[in-house]
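Remarks on the overall topology
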Amino acid sequence: GAVVSQHPSRVICKSGTSVKIECRSLDFQATTMFWYRQFPKQSLMLMATSNEGSKATYEQGVEKDKFLINHASLTLSTLTVTSAHPEDSSFYICSAGGGAITYEQYFGPGTRLTVT
Amino acid sequence: QKEVEQDPGPLSVPEGAIVSLNCTYSNSAFQYFMWYRQYSRKGPELLMYTYSSGNKEDGRFTAQVDKSSKYISLFIRDSQPSDSATYLCAMSATRGYGQNFVFGPGTRLSVLP
């Protein structure tokens, strides 16, 4: 399967600051990227779907002004958590899709965000 | 009722055992059914996928889908300690702007040597 990287793998930031997480598809062109959030012992929750060159589509209950998503190229999507608060602390995982088979998505290794 | 429900586990089995992991769902629009394996602090890795009802086998893994009962299963034969991980079922349905992926909460499996 395709290789997807995320950077950073772990970040600690102070409350009120913004944090950017990068998701890169290393060996295939991802027309669609997904951003998920995962709480301990809970399922992945889809936050938003982004298609290259267009605005992201956010799931109900996800604040688009707080979680800014940019998908400027077929290999890079970024998630910026703005004005982070401790309740934003979580594991954020991206996945890349867009192959011929519509179910396909390849996950990055995740980013652990801790807001102090 | 949650859209996807999964036996919570944790599940501990001896090496060599047959493992059965299950999920039920409520949305009849789901078309694709996947099983992912997630090691601690890593992203999920796709193990198996099926489209519609039926069985699919890949090595020691067999995935079953019964759309009439809205029930899917993953069987692992001859389980190994390296199979110890959290297993997530996932389902998707087509919607206006792409696929709607929904994941189960995961079952933590420990295979004891």
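Residues numbered from 1 in each chain as written. Chains lettered and ligands numbered in written order. Predicted model: local features only at pLDDT ≥ 70, side-chain atom pairs only at ≥ 80, totals over all residues. Heavy atoms only, no water.

Moving on to the sheet that holds strand β8 (residues 71-76) of chain B. Residue and element names in this part refer to chain B. Within the open sheet, the 5 strands sit side by side as β1-β3-β8-β7-β6. Their pairing is antiparallel. Of all the strands in the sheet, just β1 (4-6) and β6 (54-58) have a single pairing partner and so form its edges. In this sheet, adjacent strand axes meet at a mean angle of 15° when their direction is disregarded. Sheet topology places β6 next to strand β7 (residues 61-66); 5 bridges connect them, and they run antiparallel. For Asp-58, the partnering residue across the bridge sits in β7 and is Phe-61. (Pairing = 2+ DSSP bridges. Helix = DSSP H or I, 4+ residues; strand = E, 2+ residues; numbered from the N terminus. Axes fitted to C-alpha atoms, helices over the stretch in contact; angles between N-to-C directions.)

We now examine the pairing of strand β11 (residues 111-115) of chain A. Residues and elements named next belong to chain A. Side chains of β11 alternate between two faces, with Thr-111, Leu-113 and Val-115 buried and Arg-112 and Thr-114 left unburied. Judged from the 4 bridges that link them, strand β2 (residues 10-13) and β11 form a sheet pairing that is parallel. Each residue of the ladder has a partner; that of Val-11, found in β11, is Leu-113. (Buried < 20%, exposed > 50% of the residue type's maximum accessible area, 1.4 Å probe, protein only.)

The next subject is the nonpolar core. Residues and elements named next belong to chain B. One finds Phe-30, Trp-35, Ile-72, Leu-74, Ile-76, Tyr-87 and Met-91 to be the most contacted residues of the largest nonpolar core, which totals 26 residues. Those elements that place two or more of their residues in this core are β3 (19-25), β4 (32-38), β5 (45-51), β7, β8, β9 (85-95) and β11 (107-112). Top contributing element to this core by residue count: β9, with 5 residues. (Core = buried A, V, L, I, M, F, W, Y, C linked by side-chain atoms within 4.5 Å.)

What follows is about the sheet that holds strand β8 (residues 76-81) of chain A. Residue and element names in this part refer to chain A. Pairing within the open sheet is antiparallel, and its 4 strands lie in the order β1-β3-β8-β7. In the strand order of this sheet, the two ends are held by β1 (4-7) and β7 (67-73), each with one partner. Pairs of neighbouring strands in the sheet enclose a mean axial angle of 15°, with direction left out of account. As judged from the 5 bridges shared by β7 and β8, these two strands associate in the antiparallel manner. What sits directly across from Asn-70, in β8, is Thr-78.

To continue, consider the interface of chain A and chain B. On the chain B side, the residues contacting the 22 residues of chain A number 19 residues. If you look at where chain A meets chain B, you find 0 salt bridges. Viewed at the interface, chain B and chain A are joined by 4 residue pairs in polar contact (both at pLDDT 80 or more). The set of elements that each furnish at least two residues to the side of chain A that touches chain B consists of β4 (32-38), β5 (44-51), β9 (90-97) and β10 (105-107) of chain A. With 4 residues, the single largest contributor to the side of chain A that touches chain B is β5(A). Tallied by class, the residues present in the side of chain A that touches chain B amount to 9 nonpolar, 9 polar and 4 charged. (Contact = heavy atoms within 4.5 Å. Salt bridge = Lys/Arg side-chain N within 4 Å of Asp/Glu carboxyl O. Polar contact = N/O pair within 3.5 Å; in protein donor to acceptor, adjacent residues only side chain to side chain. Nonpolar A, V, L, I, M, F, W, Y, C, P; charged D, E, K, R; others polar.)

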